[in-house]
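What the coordinates show
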Amino acid sequence: MEFPKFKFEPSTSELTHKPSVVAQGVALRYRQQQATSQWQVLSAERVSKEARARVVGRGEEPKAQAVLAEHHLQFGQYRGHTFRWQLENDVGYACCIIASHEKERASGDTSQTPLMSNKDALASYAISFYKLLTIPGRNFVIPA
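The shown structure was predicted, so the numbers you read here are calculated from the model rather than taken from an experiment. (Residues numbered from 1 in each chain as written. Predicted model: local features only at pLDDT ≥ 70, side-chain atom pairs only at ≥ 80, totals over all residues. Heavy atoms only, no water.)

So, the overall build of the protein
- Looking only at helices and strands, the protein features seven helices and zero strands.
- What you see in the protein, going N to C, is helices and strands ordered as α-α-α-α-α-α-α.
- Within the protein, the proportion of its 144 residues that are buried is 42%.
- Expressed as a percentage of contacts within the protein between residues at least 6 apart in sequence, the contacts between residues at least 24 apart total 59%.
- Surface accessibility of the protein: about 8,300 Å² in total, with carbon and sulfur atoms responsible for 56%. (Helix = DSSP H or I, 4+ residues; strand = E, 2+ residues; numbered from the N terminus. Buried < 20%, exposed > 50% of the residue type's maximum accessible area, 1.4 Å probe, protein only. Contact = heavy atoms within 4.5 Å. Areas by Shrake-Rupley, 256 points an atom, 1.4 Å probe, with all protein chains shown as cover.)

A short note on the pattern of salt bridges
- Summed over the entire model, instances satisfying the criterion amount to eight salt bridges.
- The shortest N-O distance in the salt bridge between E9 and K18 comes to 3.7 Å.
- Classification of E9 by relative accessible area gives partly exposed; the value is 23%.
- Across the salt bridge formed by E70 and R58, the nearest N and O atoms sit 3.2 Å from each other. Taken together, the positions of E70 in the loop between α3 (64–69) and α4 (83–89) and R58 in the loop between α2 (44–57) and α3 put the pair 12 residues apart, joining distant regions of the chain.
- On the basis of relative accessibility, which here comes to 5%, the residue E70 falls in the buried class.
- One connected set of salt bridges, linked through shared partners, spans R54, R58, E60, E70 and R84. (Salt bridge = Lys/Arg side-chain N within 4 Å of Asp/Glu carboxyl O.)

A few points about the nonpolar core
- Within the largest apolar cluster, 25 residues are counted, with the highest numbers of intra-cluster contacts made by Y78, F83, L87, L122 and Y125.
- For this core, the secondary structure elements donating two or more residues are α1 (21–33), α3, α4, α5 (91–106) and α6 (114–127).
- Examining the composition of this core, we find that six residues originate from one element, α5, more than from any other.
- If we ignore the near neighbours within four places in the chain, the residues touching F83 are L68, A69, H71, H72, L73, N118, A121, L122 and Y125. (Core = buried A, V, L, I, M, F, W, Y, C linked by side-chain atoms within 4.5 Å.)

Function-wise, these values are silent; they only describe arrangement.
The structure is reproduced here in structure tokens:
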């Protein structure tokens, strides 16, 4: 299942940008453990390979979107969570990350570090959902 279950503001059709209660708890634990935790950033190839294995392990066809949904974030307060989880639980955070990443790319940063590749993959996954494209004030570009 590659499609996130988006949450909307009560009595409107506006996509909520607020973190879910679950995401708030994850962010709180991250802030509390930040000074003591170590995180090994994985290569883009390894992240993709592990994501593909999860999709195949569920008996699903490893289509590109399904594999991207299972990619794990390699940075920030939600690192270790899937891209789908990210969009379901804190789309506002994802939008901020993608907008910042687009500025980096637009300024000429063409690096392919594991973190930049992970952000490229998140942007590619998120951009495929129309609801994200219609957020006022956002101007998304799919990374090259």
